[in-house]
Amino acid sequence: MELVEAIILAVLAASTPLLIAATGELVAERSGVLNLGVEGMMIVGAACGFAGAWLTGSIFIGALFGIIAGTLMSLIFALMALGLAVNQVATGLALTIFGIGLSGLIGAGFVGERITPAVHLYIPVLADIPLIGRVLFGEDGFVYFSVALIAGVWWFLYRTRAGLILRACGDNHVSAHALGYPVLRIRTFAVMFGGACAGLAGAYLPLAYTPFFIPGMTAGRGWIALALVVFSSWQPGRLVVGAYLFGAVTILQLHAQGWGVGIPSQFMSALPYLATVIVLVLLSRARTGGSTAPAALGTVFVPDR
Amino acid sequence: MRKSLLALAAGLFLAGNVSATSAADKLKVGFIYVGPIGDLGWTYQHDLGRQALVKELGDKIETTYLENVPEGPDAERSIEQLVRAGNKLIFTTSFGYMDSTLKVAKKYPNVHFEHATGYKRNPNMSTYSAKWYQGRYIQGLIAAKMSKSGVLGYIGSFPIPEVVSGINATMLAAQTINPNIKVKIIWANTWFDPGKEADAAKALIDQGADVIMQHTDSPAAMQIASERGKLAFGQDSEMIKFGPKTQLTSILDTWGPYYIERVKAELAGTWKSEDTWGGLDSHMFAMAPYTNMPDDAKKMAEDAQAAITAGKLHPFKCPIVGQDGKPVECKGGDRLDDGQILGMNFYVKGIDDKLPGK
């Protein structure tokens, strides 16, 4: 029983950064912008988040630093890809490479330092319920926030007029423009939201997951978040399934190795990717049977006045 | 979508920063690192070696390094880049650079190469490595002595001989203290991913391990062990900062003396292709202070270290029994020979797990 609870807690910790980063990217992509710079924004968020927490002693301020850093990074992207209509794929890749270098520079002075990680909530009695107690009532703030975030994004995209307009920009920017919507401004906000989320997801790593900063500590999580958005066919609900499934298989394969089940570890390490792709592909087939990519995704839009 | 997936793949292979100081007729020495110099582990120690080199011979040489160079075909491009920049002696500091280094070495016979931890050589390509299994043996003794649950947790990177021989040395030592000691092994299939290393440490502790050993590069596992009040060993460098009450000791890679010696040979024109495999006696690595253990455990560790250094104790002393219960052939007389250790691809008796790929 305790082991199951421990596993669930580890799964939540592993899934949360993926969920937060992917949620932000989902909004950006629904507005029609493909930002491949998630990894770069995340790692800068990690460096700045750690710096903020180390300097002020506050995890909250650290998280704020991460959000601001990610947003600033995304503004560089917005300036290039939206303002100057540069190719989005190239800009996004450049942002990642830039971010990895920049984070090393920012973080250089903090390598080897450690902080007290984010505190876990503890509601007496409730948190002591076996199995689900600590999962529901004993997590750190990031985990609760990530759930609220994806729920909020779902509500925004499908239940508000603003969300409808954002999706319209992603599906047909010419029509949205013709209707008088400021496509580029909407996309800029969406990209900034994506950056803020990536920055927060990055900050989660040194603030809660492994409380120290090391260059390259995101170790490809930004790319996984990007892939999750695609495989969830841009649907928030499926994104939740994908992120938690990925985290769950990652943790379970480690436990399976510890138990010594005898399956080659190389296969086990590939399993999270394999399982997530298969499940999400099956989910999309069962529902729609076609691609649901925002039709204008990744295309340049220059308003013709 | 195809375009973006291609781009995604391209992004994964783009990395690397160049840093160099320039001067005219100095000997140029290049380094290729697999991680960032701030990884506090493997690459960090290599860069400390490079810094020691600069301190010693800085007026005669200039050094350049490329960090974050992925193993595999892309490494070839980075090594060539150093060659074209005029480096005459190039250290490639990860096992996965082996074939790339050899390929470039054959192409440029006038440039000398030094590849860490590999086994392929050329008239202009040396190899160098350290007998870390000696350190792992000492760790195994300590681990068995300190473990209350009798279960050790071991985080491996990849099932290559170097890591496997470390696991075996640990277990052979541990069994001399507690014949029923168990080890749980989790392969991270990466050298560096702090999150995954932390997850592996959590899984091992949740499954009952109370001493964590790692053969991956970041201090994440040390920190988890510290959070959970367990014990752990550092890796490659001093990690006691991340577990002041947790670290028992750590194998410290000390490359400086070797780098200085090889560059001196290059300067004197006496460099030749060699295979260097140094142990505790040759200062290729050292043990961090023995901490967080009672005096008798500390004394045991120090005695073992002295005996290994003096050549009186060999971790792979025969008879060694494989998992199948059959004794392993003893090619080195009373112990396994270097070839058997360098190519180790079996577990010893007492490990209830299957070696991946066997």
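Along every chain, residues carry numbers that run from 1 in the direction the sequence is written. Each chain takes a letter, starting from A, and each ligand takes a number, starting from 1, following the order in which they are written. Only residues with pLDDT of at least 70 are given local features in this predicted model, and only at 80 or more are side-chain atom pairs given and counted; all residues enter the totals for whole chains, interfaces and linings. As a rule here, side-chain values cover all heavy atoms of the structure and leave hydrogens and water aside.

Here we look at the overall build of chain B
Here is step 1: In terms of helices and strands, chain B carries eleven helices and 13 strands.
Here is step 2: Each radius of gyration is computed over the set of C-alpha atoms, and the globule rule expresses the reference value as 2.2 Å times the number of residues to the power 0.38. Scaling as 2.2 N^0.38, a compact globule of 358 residues should have a C-alpha radius of gyration of about 21 Å, and chain B matches this with 21 Å.
Here is step 3: Across its three principal axes, chain B shows a C-alpha extent of roughly 60 × 55 × 40 Å.
Here is step 4: Only protein chains enter the accessibility calculation, which uses a 1.4 Å probe. A residue is then buried if its area is under 20% of the maximum for its type, exposed if over 50%, and partly exposed in between. Out of the 358 residues in chain B, the part that is buried amounts to 59%.
Here is step 5: Accessible area for chain B stands at about 14,000 Å²; split by element, carbon and sulfur atoms hold 54% of it.
Here is step 6: Mean positive and mean negative side-chain charge positions of chain B (40 and 40 charges, respectively) differ by 3 Å. The helix and strand labels rest on DSSP assignments: H or I over at least four residues marks a helix, E over at least two residues marks a strand, and numbering proceeds from the N terminus. All accessible areas in this document rest on Shrake-Rupley with a 1.4 Å probe, and a residue is counted as covered only by the protein chains that are shown. His is not counted, nor are the chain ends; Lys and Arg add positive charge and Asp and Glu add negative charge. To locate a charge, take atom NZ for lysine, CZ for arginine, CG for aspartate or CD for glutamate.

Re unusual backbone geometry
Here is step 1: The omega torsion of the bond from Cys318 of chain B to Pro319 of chain B falls at 5 degrees, within 30 degrees of zero and hence cis.
Here is step 2: Tracing the sequence through the fold places Pro319 of chain B in the loop between helix 10 (295-309) and helix 11 (338-342).
Here is step 3: The phi dihedral of Ala219 of chain A falls on the positive side, at around 45 degrees, and the residue is not glycine.
Here is step 4: Among the secondary structure elements, Ala219 of chain A is positioned in the loop between helix 9 (183-209) and helix 10 (221-231).

Thoughts on the state of the cysteines
Residue and element names in this part refer to chain B.
Here is step 1: Disulfide assignment relies on a single distance test, namely cysteine sulfur atoms paired within 2.5 Å. In this structure the tally under the stated criterion is one disulfide over all chains.
Here is step 2: One disulfide in the model links Cys318 with Cys330; its S-S distance is 1.5 Å. The disulfide joining Cys318 to Cys330 has a torsion of about 130 degrees about its S-S bond and is therefore right-handed. With a gap of twelve residues between them, Cys318 in the loop between helix 10 and helix 11 and Cys330 in the loop between helix 10 and helix 11 connect regions that are remote in the sequence.
Here is step 3: The partly exposed category is assigned to Cys330, whose relative accessible area is 27%.

Regarding the environment of Thr71 of chain A
All names here are of chain A.
Here is step 1: Structurally, Thr71 can be placed in helix 3 (residues 59-83).
Here is step 2: Exposure remark for Thr71: the relative accessible area of 14% places this residue in the buried category.
Here is step 3: It only takes one pair of heavy atoms within 4.5 Å for two residues to be counted as in contact. For Thr71, the residues in contact, after removing those within four places along its chain, are Met192, Gly195 and Ala196.

Some details on the nonpolar core
Here is step 1: Among the nonpolar cores identified, the biggest contains 110 residues, and Phe142, Tyr204 and Phe213 of chain A together with Ile155 and Ile212 of chain B are the most heavily contacted of them.
Here is step 2: Residues within four places of Phe213 of chain A in sequence aside, it is in contact with Ile43, Ala46, Ala47, Phe50, Ser103, Gly107, Phe110, Val111 and Gly112 of chain A.
Here is step 3: By nonpolar core is meant a set of buried Ala, Val, Leu, Ile, Met, Phe, Trp, Tyr and Cys residues that side-chain atoms within 4.5 Å join together. Within the second largest apolar cluster, 76 residues are counted, among which are Val164, Leu172, Ala297 and Ile308 of chain B.

With respect to the sheet that holds strand 8 (residues 182-187) of chain B
Residues and elements named next belong to chain B.
Here is step 1: The six strands are arranged 8-7-9-10-11-13 in an open sheet whose pairing can be described as mixed. The open sheet has two edge strands, strand 8 and strand 13 (285-287), and neither has a second partner. When strand polarity is set aside, the average angle formed by the axes of neighbouring strands in this sheet is 15 degrees.
Here is step 2: Being paired, for any two strands, means DSSP has found at least two bridges between them. Note that strand 9 (residues 211-214) and strand 10 (residues 231-234) share two bridges and pair parallel. Within the sheet, the bridge partner assigned to Val211 lies in strand 10 and is Leu231. Axes here refer to lines fitted to C-alpha atoms; in helices the fit is confined to the stretch in contact. Angles between the N-to-C directions go from 0 to 180 degrees.

Observations concerning the environment of Ala232 of chain B
All names here are of chain B.
Here is step 1: With respect to the element layout, Ala232 can be found in strand 10.
Here is step 2: With a relative accessible area of 1%, Ala232 lands in the buried category.
Here is step 3: For the pair Ala232 and Ile138, spaced 94 residues apart in the sequence, the C-alpha separation amounts to 13 Å.
Here is step 4: Contact partners of Ala232, with chain neighbours within four places excluded, come to Ile212, Met222, Ala225, Thr246, Gln247 and Leu248.

Examining the pattern of salt bridges
Residue and element names in this part refer to chain B.
Here is step 1: Think of a salt bridge as a Lys or Arg side-chain nitrogen and an Asp or Glu carboxyl oxygen that are within 4 Å of each other. For the coordinates displayed, the defined rule picks out 17 salt bridges over all chains.
Here is step 2: Here Asp206 makes a salt bridge to Arg228, at a shortest N to O gap of 2.9 Å. In this pair, Asp206 sits in helix 7 (residues 194-206) while Arg228 sits in the loop between helix 8 (220-227) and strand 10, placing the two residues 22 residues apart along the sequence.
Here is step 3: Relative accessible area serves as the criterion here: at 34%, Arg228 is assigned to the partly exposed category.
Here is step 4: The network of salt bridges with shared partners includes Glu114, Arg262, Lys272 and Glu274.

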